[in-house]
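Structural characterization, general
Chain by chain, the residues:
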Amino acid sequence: QVQLVESGGGLVQPGGSLRLSCAASGSIFGINTMGWYRQAPGKQRELVAVISTGGTTTYKTSVKGRFTISRDNAKNTLYLQMNSLKPEDTAVYYCTAGVGINYANYLARYWGQGTQVTVSS
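Residues numbered from 1 in each chain as written. Predicted model: local features only at pLDDT ≥ 70, side-chain atom pairs only at ≥ 80, totals over all residues. Heavy atoms only, no water.

1. Overview of the nonpolar core
Rules: The criterion is simple. A nonpolar core is a set of buried Ala, Val, Leu, Ile, Met, Phe, Trp, Tyr and Cys residues joined through side-chain atoms within 4.5 Å. Type-normalised accessible area, obtained with a 1.4 Å probe on protein chains alone, sets the label of each residue: buried when under 20%, exposed when over 50%, and partly exposed for intermediate values. We call two residues in contact whenever any of their non-hydrogen atoms come within 4.5 Å of each other.
Ranked by internal contacts, the top residues of the largest apolar core, which has 27 residues, are W36, L80, M82 and Y93. Setting aside residues up to four positions removed in sequence, L80 forms contacts with L18, R19, L20, W36, A49, F67, T68, I69 and Y93. Counting six residues, the second-largest nonpolar core is a separate cluster that includes Y37, L47, Y106 and A108.

2. With respect to the state of the cysteines
A covalent bond bridging the sulfur atoms of two cysteines is what the word disulfide describes. Going by this rule: Here, two cysteine sulfur atoms that lie within 2.5 Å of each other are counted as a disulfide. To qualify as a helix, a DSSP run of H or I must reach at least 4 residues; to qualify as a strand, a run of E must reach at least 2; elements of each kind are numbered from the N terminus.
Tallied over the entire structure, the rule returns one disulfide. There is a disulfide in this structure between C22 and C95, and the S-S distance comes to 2.1 Å. Disulfide C22-C95: the torsion about the S-S bond is -75°, which places it as left-handed. Residue C22 is located in strand β3 (residues 18–24), and its partner C95 is located in strand β9 (residues 91–99); the two are separated by 73 residues in the primary sequence. A relative accessible area of 0% places C95 in the buried class.

3. A look at the side chain of T77
Its location among the elements puts T77 in strand β8 (residues 77–82). The exposure class assigned to T77 is buried, which follows from its relative accessible area of 11%.

4. Observations concerning the pattern of salt bridges
The line we're drawing: Here, a salt bridge means any Lys or Arg side-chain nitrogen found within 4 Å of an Asp or Glu carboxyl oxygen.
Applying the stated criterion across every chain yields a total of four salt bridges. Between E46 and K60 there is a salt bridge, and its shortest N-O distance comes to 3.3 Å. Placement of E46 in strand β5 (residues 46–51) and of K60 in the loop between β6 (57–59) and β7 (67–72) is noted, with a sequence separation of 14 residues between them. On the basis of relative accessibility, which here comes to 25%, the residue E46 falls in the partly exposed class. Its salt-bridge partner being D89, residue R66 comes within 2.8 Å of it at the nearest N-O pair. Here R66, found in the loop between β6 and β7, pairs with D89, found in the loop between β8 and β9; they are 23 residues apart in sequence, far enough to count as distant. D89 matches R66 in its accessibility class, with the two residues each being buried.

5. Details of the packing of aromatic side chains
Given two aromatic rings, their pairing is described by the distance between the two centres and the angle made by the two planes. Formally: Side-chain rings of Phe, Tyr and Trp, where Trp is taken by its six-membered ring, are said to pair if the distance between their centres is within 6.5 Å; with planes under 30 degrees apart they count as stacked, over 60 as edge-to-face, and otherwise as tilted.
Using the criterion set out here, one finds three aromatic pairs in the structure. When the ring of Y37 is compared with that of W111, the centres are 4.8 Å apart and the planes differ by 45°; the resulting orientation is tilted. Of this pair, Y37 sits in strand β4 (residues 33–39) while W111 sits in strand β10 (residues 107–111), placing them 74 residues apart in sequence. Taking the centre distance of 6.0 Å and the plane angle of 75° together, the rings of Y94 and W111 count as edge-to-face. Of this pair, Y94 sits in strand β9 while W111 is found in strand β10, placing the two residues 17 residues apart along the sequence.

Any link to function would need more than the numbers given here.
Now the structure itself:
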């Protein structure tokens, strides 16, 4: 059974940093492109970052230069390092596994339960 379990969310002040982690079941991690989505209150869910099996990364424009997606295939773990956080980054962040090779063509097939990130002073 596919499982994606996020951790690392919380409350942080504007300008601060957080690192999200996602532990994935071994049957999917090595063969799937992975991505992070987020959903803010009252807004549609949006794709934030994607990393291919080969390590190619692509990002939503508004997070470029602030967020870094990475993966550790040996640990079956996906990460999202978030720096210079802004109040508009407040959302539930979801770890996903799917198909595609970049932000433009990524399609999520499996979802985690989400972790809350709140950026506020």
